[in-house]
Structures are given as C-alpha cells and as structure tokens.
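As a plain string of letters, each chain reads:
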Amino acid sequence: MSTSPSRPRPSGPPIVIAHRGASGYLPEHTLVAKAYAHALGADFLEQDVVLTRDGVPVVFHDLVLEEVTDVAERFPARRRADGHWYVIDFDYRELSTLAVRERIAAGGALAYPGRFAERLPLRIQTLADELAFVRGLNASTGRRAGVYTEVKSPAFHRAAGLDPSPLVVRTLAQFGYRGRDDGAYLQCFDAGELARIRFELGCDLKLVQLIGENDWNESDTDYDDLRTAAGLRRIAAFADAIGPWIPHVVRWPAAGAAPQFTSLVADAHAAGLAVHPYTLRLDQLPEHARDADAVQRALFDGAGVDGLFTDFCDATLRFLGRR
Ligand code: CA
C-alpha cells in the first residue's frame, strides 16, 4: 500500500461500462435498463450469461432466481432442498414468463433502498435477443455502444452437463463480435476457463480476467496469486485486461483518511493489461470513502485505471467530463 499514485494509463481515454445496464435506476439486466444505459452514453453494456435447463444462454447475474424475480410465487414447488430456485432447473420458455424486479434482500426489502420499486412485467431475455437489441439501438441512434459479456460459473454449468463458453463465443460471433476491434469484451472469474476460451475455443475477442477474493468461492482460481506481478504476467498470456474489485486498487483506512493505493494497476500496466475495476455504486460506496467523486478521483486520476464498471453510468460520464 502507498499513497503515491500508479503510473499513468498506457493508452486511450477510460471506458465506462454500464454494470448490468443502468442498474442504479432500473432492474438489472432488463432491456429497459440496457436502453437507458445506451441513452445515457455508456461505452459498453454488460451482459452476465447463465444457461437454462435447455441450454439457452440468458442474460442474468445469479445462478438462482428468487432475489430478482417472482419465481417463488410462480413456481413454489420448484424450489430445491437448499431453499433456492435455480435458473438451470427451468427451460427458457418458463423463465421468459417470470417478472424481473429490483433486487430484494432477506426480509423482503429492496437490497438498495431508493432504487426502482415498481413491479412490472419486465422479462429475462436471451443473449441473442440482447445482442440484437444493442445492434438495433446502435443503428437507430447512430451511437455505437459495445458489449461486455461475462461467462458465469462455467464449472457449475459443466457439473450439470452444460458448457456455456462455446455457446457464448458462438452467439457473440453471430452478431459480428469476433476480433479485438469489434467492440466486445468477454470476461470470466475462472482463469482456466478464460485461457480455454482463448486457446481451445480460438476466441480473438478482448478477454478480461475478473479478480475476486478467494473466500467468495467464485472458482478454483487463486486470486491472491493472480494479483502478484508474476500472476499478472501469466494472465497477460491469454487476457487483455483485468477486472479487480475496487478495494484491490484503492482503500480508505479510516473516514477522512487519504486513499491508500496498491501496486496492482502499475503491475498490470507493466504486464500490458488494462484495468477495469468493479463496481461504482452511489448508494454503496467503498468503506470509509467520502463520496462517489472521491472514489472516481482515486481510481481515474490516482490509480490510472482504464475503465470502470458502474451502476450509475451518468455519474461516471459526468466525472470524466463527458456529460
Ligand atoms: Ca458481471
């Protein structure tokens, strides 16, 4: 940790990634949330992808349905013994009838109080439908937003007999996302899977190694090791960028204290990797951070990150002088 900033970004202005759409304002991953993010001016719209029982890639963050849909009321008998309703237990035809709503925490209150509280017939869409939606918006507005797609939990899917990565890569290719200049990133927490996507599946998109904490159990990947300079050089053999958690880049040790920077951004840049941390939320700031602009100043001006996942893309664009 140090208070001295990292070296500057290697190239280009930072990119603004609408995390699950304009999810600060509308339920995550709905098409209205994607349309609003596009209209606000986000550079990239994020898709998390999981598979249905019949192997359809759908845009959905969780492996389970109950926090952001009405599945508990619609399909009470389909709950597993562990208390969850799994996406992978439903065919797409069934999933497409669920109503998507803002995330609910234990006890039934909004997970982010103050966000969109209405219950409306918003739906889960396939990855293909979302890519068509983005293509249509890019054409009708004349402003090209890119896509930033994540393969969720490949090992979980394989244990259930499904293999998401080839389906995701093929679907992206069908919409013209084939190479590094096609306006798409493909991200995954699982380092082995990302290397497989590059070398076995022959994917030429920009690949992003997401970096979590080992106790999140996202995959077998050892994130403590990946965050070292040697680990980052290994990532650079197959990936173009990393997506760390904001506290991997900068922390505030106490209220009112100066930000403390890690060497992660400098080490990543030295390895040739861009850095796109997650996630700026105006209603859930990093611990002890004073306000959103203090966080963005530390990330963009202090650490020199190359992009940011944000639930509030307008606030990030405004910080960057683009709104
Ligand atoms: Ca994601």
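Residues numbered from 1 in each chain as written. Predicted model: local features only at pLDDT ≥ 70, side-chain atom pairs only at ≥ 80, totals over all residues. Heavy atoms only, no water.

A. Highlighting the environment of Ala-229. Of note, Ala-229 is situated in helix α9 (residues 229-235). What makes Ala-229 partly exposed here is its relative accessible area of 30%. Taking C-alpha positions, Ala-229 is 7.2 Å from Ala-268, a pair spaced 39 residues apart along the chain. (Helix = DSSP H or I, 4+ residues; strand = E, 2+ residues; numbered from the N terminus. Buried < 20%, exposed > 50% of the residue type's maximum accessible area, 1.4 Å probe, protein only.)

B. Local environment of the pattern of salt bridges. All chains considered together, the criterion is met by 28 salt bridges. The partner of Arg-20 in a salt bridge is Asp-48, with the nearest N and O atoms 3.9 Å apart. On the criterion of sequence distance, the pair formed by Arg-20 in the loop between β1 (15-18) and α1 (31-40) and Asp-48 in strand β2 (residues 44-51) is long-range, its members being 28 residues apart. Summarising the burial analysis for this pair, Arg-20 and Asp-48 share the class buried. In this structure, Arg-115 engages Asp-283 in a salt bridge whose closest nitrogen and oxygen atoms are separated by 2.8 Å. With Arg-115 in the loop between α3 (92-95) and α4 (127-141) and Asp-283 in the loop between β10 (274-275) and α12 (292-303), the pair connects residues that are 168 residues apart, well separated along the chain. Here the residues in one salt-bridge network are Arg-20, Glu-28, Asp-48, Asp-62, Glu-67, Arg-103, Glu-150 and Lys-152, joined through shared partners. (Salt bridge = Lys/Arg side-chain N within 4 Å of Asp/Glu carboxyl O.)

C. Inspection of the pairing of β1 at higher detail. Taking every second residue as pointing to the same face, both faces of β1 are buried, with Ile-15 and Ile-17 on one and Val-16 and Ala-18 on the other. With four bridges connecting them, β1 and strand β11 (residues 307-310) associate as parallel partners. Directly across from Ile-15, in β11, lies its bridge partner Gly-307. (Pairing = 2+ DSSP bridges.)

D. Molecular detail of α1. Restricting attention to buried positions, one finds in α1 the residues Ala-33, Lys-34, Ala-37, His-38 and Leu-40. In an axial view of α1, the angular spread of the buried residues amounts to 165 degrees, which keeps them on one side of the axis. Looking at the packing, one finds that the buried side of α1 touches β1, β2, β3 (57-59), α4 and α13 (313-319). Gly-41 lies just past α1 and shows a positive phi near 110 degrees. (Arc of directions from axis to C-beta. Contact = heavy atoms within 4.5 Å.)

E. Examining the nonpolar core more closely. Counting 71 residues, the largest nonpolar core has Tyr-177, Leu-186 and Ile-242 as its most contacted members. Considering every element that reaches this core, the biggest residue donor is α12, with five residues. Beyond its immediate sequence surroundings of up to four residues, Leu-186 is in contact with Thr-149, Val-151, Val-168, Val-169, Leu-172, Leu-194, Ile-197, Cys-203, Leu-205, Lys-206, Leu-207 and Val-208. With 15 residues, the next largest nonpolar core counts Phe-75, Leu-95, Leu-98 and Leu-122 among its residues. (Core = buried A, V, L, I, M, F, W, Y, C linked by side-chain atoms within 4.5 Å.)

F. Highlighting the coordination of the calcium ion. With distances of 2.2 Å, the protein atoms coordinating the calcium ion are Glu-46 (OE), Asp-48 (OD) and Glu-150 (OE). In the primary structure, the donors to the calcium ion are separated according to the pattern E-x1-D-x101-E. One end of the pair, Glu-46, is in strand β2; the other, Glu-150, is in strand β4 (residues 146-151), with 104 residues separating them in the sequence. We note that Glu-46, like Glu-150, is buried. (Donors = N, O, S within 2.8 Å, 3.2 Å for Na, K, Ca; no water.)

G. Representation of the state of the cysteines within the structure. All told, the structure shown has zero disulfides when counted by the stated rule. Take Cys-188: it sits in no disulfide, and the sulfur closest to it among the cysteines is that of Cys-203, at 12 Å. (Disulfide = S-S within 2.5 Å.)

H. Looking closely at unusual backbone geometry. That bond from Tyr-278 to Thr-279 is cis: its omega, -15 degrees, falls within 30 degrees of zero. Topologically, Thr-279 is positioned in the loop between β10 and α12. A positive phi angle, close to 65 degrees, is found at His-29, a residue other than glycine. Tracing the sequence through the fold places His-29 in the loop between β1 and α1. Its identity is not glycine, yet His-288 carries a phi of approximately 70 degrees, on the positive side. With respect to the helices and strands, His-288 occurs in the loop between β10 and α12. By relative accessible area, His-288 is classed as partly exposed at 34%.

I. Representation of the environment of Phe-90 in the model. Note on placement: Phe-90 falls in the loop between α2 (71-74) and α3. Here Phe-90 falls in the buried class, since its relative accessible area comes to 0%. With 106 residues separating them along the chain, Phe-90 and Arg-196 place their C-alpha atoms 27 Å apart.

J. Examining the environment of Asp-314 more closely. Here Asp-314 lies in helix α13. Taking the C-alpha atoms as reference, Asp-314 lies 7.5 Å from Gly-41; in sequence the two are 273 residues apart. Discounting chain neighbours no more than four positions away, the residues touching Asp-314 are Tyr-25, Leu-40 and Arg-323.

K. Representation of the packing of aromatic side chains. Enumeration over the complete set of coordinates arrives at 13 aromatic pairs. Measuring from centroid to centroid gives 6.2 Å for Phe-189 and Tyr-223, while their planes differ by 80 degrees, and the two rings are edge-to-face. In this pair, Phe-189 is assigned in the loop between β5 (184-188) and α7 (191-199) and Tyr-223 in helix α8 (residues 223-226), connecting sequence segments 34 residues apart. Accessibility expressed as a relative area gives 10% for Phe-189, which makes it buried. One aromatic cluster is present, formed by Phe-44, Tyr-148, Tyr-185, Phe-189, Tyr-223, Tyr-278 and Phe-309 through successive ring pairs. Sitting over the face of the ring of Phe-90, Arg-78 holds its NZ or CZ atom 4.2 Å from the ring centroid. (Phe/Tyr/Trp six-rings, centres within 6.5 Å; stacked < 30°, edge-to-face > 60°. Lys NZ or Arg CZ within 6 Å of the ring centre and 35° of its normal.)

Remember, this is a structural readout, not a statement about activity or role.
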